[in-house]
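Listed here are the chains, written in short residue letters.
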Amino acid sequence: MKLLFDENLSRRLVKALSGVYPGSAHVVDCGLERADDNVVWDRAKENAFVIVTKDMDFHQRAVLHGPPPKVVWIRLGNCTTKKIETLLRMRAADVNAFGEDKGAALLALP
């Protein structure tokens, strides 16, 4: 499963999680720095990415429009990149099952 990390998450997550989520990218690396949410959404859809974000706007878009793309909503508040990395590692089975569920649009991770 390929993740597309939103601008509100560290670019370091791509490398740190490459063994768990190969083919993942960060919006900045895709030329989407400061891009409108619509552009990020469309790029994720076109390239079979799951968007990972702390942004409630993508949460709302996932609920309203449904997949694709799917959205993993990180609900940890202000925290370290290491804490987000640990969460995504520990919940990899849940994230992958979510990715396989054709009808699921949103996975909220506390």
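Going along each chain's sequence as written, the residues are numbered from 1 onward. Side-chain atom pairs in this predicted model are given and counted only at pLDDT of 80 or more, local residue features only at pLDDT of at least 70, and totals for whole chains, interfaces and linings cover all residues. Side-chain metrics rest on all non-hydrogen atoms present in the structure, leaving aside hydrogens and water.

A. Focus on the overall build of the chain. Along the chain, the regular secondary structure elements total five helices and five strands. Strands are runs of DSSP state E lasting at least two residues, helices are runs of H or I lasting at least four, and both sets are numbered from the N terminus onward. For the chain, the sequential pattern of α-helices and β-strands runs β-α-β-α-β-α-β-α-α-β. We compute the radius of gyration from the C-alpha atoms alone; for a globule the expected value is 2.2 Å times N to the 0.38, where N is the number of residues. Taken against the 2.2 N^0.38 rule, which gives 13 Å for 110 residues, the C-alpha radius of gyration of the chain at 12 Å falls within 12% of a compact globule. Three exposure classes are used, based on accessible area relative to the maximum for each residue type with a 1.4 Å probe and protein chains only: buried under 20%, partly exposed in between, and exposed over 50%. Across the 110 residues of the chain, 43% fall into the buried class.

B. Spatial organisation of the side chain of Lys70. Mapping Lys70 onto the fold places it in the loop between helix H3 (56–65) and strand S4 (71–74). Nitrogen and oxygen atoms within 3.5 Å of one another constitute a polar contact, given that in protein one can donate a hydrogen and the other can accept it, and given that sequence-neighbouring residues count only through two side-chain atoms. For Lys70, the side chain forms a polar contact with the main-chain oxygen of Asp101, separated by 2.4 Å. By definition, residues are in contact when any of their heavy atoms lie within 4.5 Å. Excluding residues that lie within four positions of it along the chain, Lys70 makes contacts with Phe49, Val50, Ile51, Phe98, Gly99, Asp101, Lys102, Ala104 and Ala105.

C. Region of interest: the sheet that holds S4. Ordered in space as S2-S1-S3-S4-S5, the five strands form an open sheet in which the pairing is parallel. Here the strands that pair on one side only, and so sit at the sheet edges, are strand S2 (25–26) and strand S5 (106–109). Pairing geometry for strand S3 (residues 49–53) and S4, over three bridges, is parallel. Bridge pairing in S4 places Thr53 opposite Trp73. Axis lines are fitted through C-alpha atoms, for helices just across the contact stretch, and the angle between N-to-C directions can take any value from 0 to 180 degrees. Running at roughly 145 degrees to S3, helix H2 (residues 37–46) makes contact with strand S1 (2–5), S3 and S4 of the sheet. Any two strands with at least two DSSP-identified bridges between them are counted as paired.

D. View of the environment of Val71. As for its placement among the helices and strands, Val71 is situated in strand S4. Distance in space between the C-alpha atoms of Val71 and Phe98 is 9.6 Å, their sequence separation being 27 residues. Among all residues touching Val71, those that are not within four sequence positions of it are Trp41, Val50, Ile51, Thr53, Phe58, His59, Ala62, Phe98, Ala105, Leu106 and Leu107.

E. Structural detail: the pairing of S3. The buried fraction of S3 is high, at five of five residues. Judged by which residues are buried, S3 turns out to be covered on both faces: Phe49, Ile51 and Thr53 on one side and Val50 and Val52 on the other are all buried. Direction of pairing for S1 relative to S3: parallel, over a ladder of four bridges. Its bridge partner lying in S3, Lys2 is registered against Phe49.

F. Representation of helix H4 (residues 81–90). Within H4 the residues assigned to the buried category are Ile84, Glu85, Leu87 and Leu88. For H4, the buried positions fall inside an angular range of 160 degrees around the axis, keeping them on one side. Turned more than 90 degrees away from the buried face of H4 sit Lys82 and Met90, all of them exposed. On its buried face, H4 is in contact with S1, helix H1 (12–16), S3, S4, helix H5 (92–100) and S5. For this quantity, the arc is that covered by the directions from the helix axis to the C-beta atoms.

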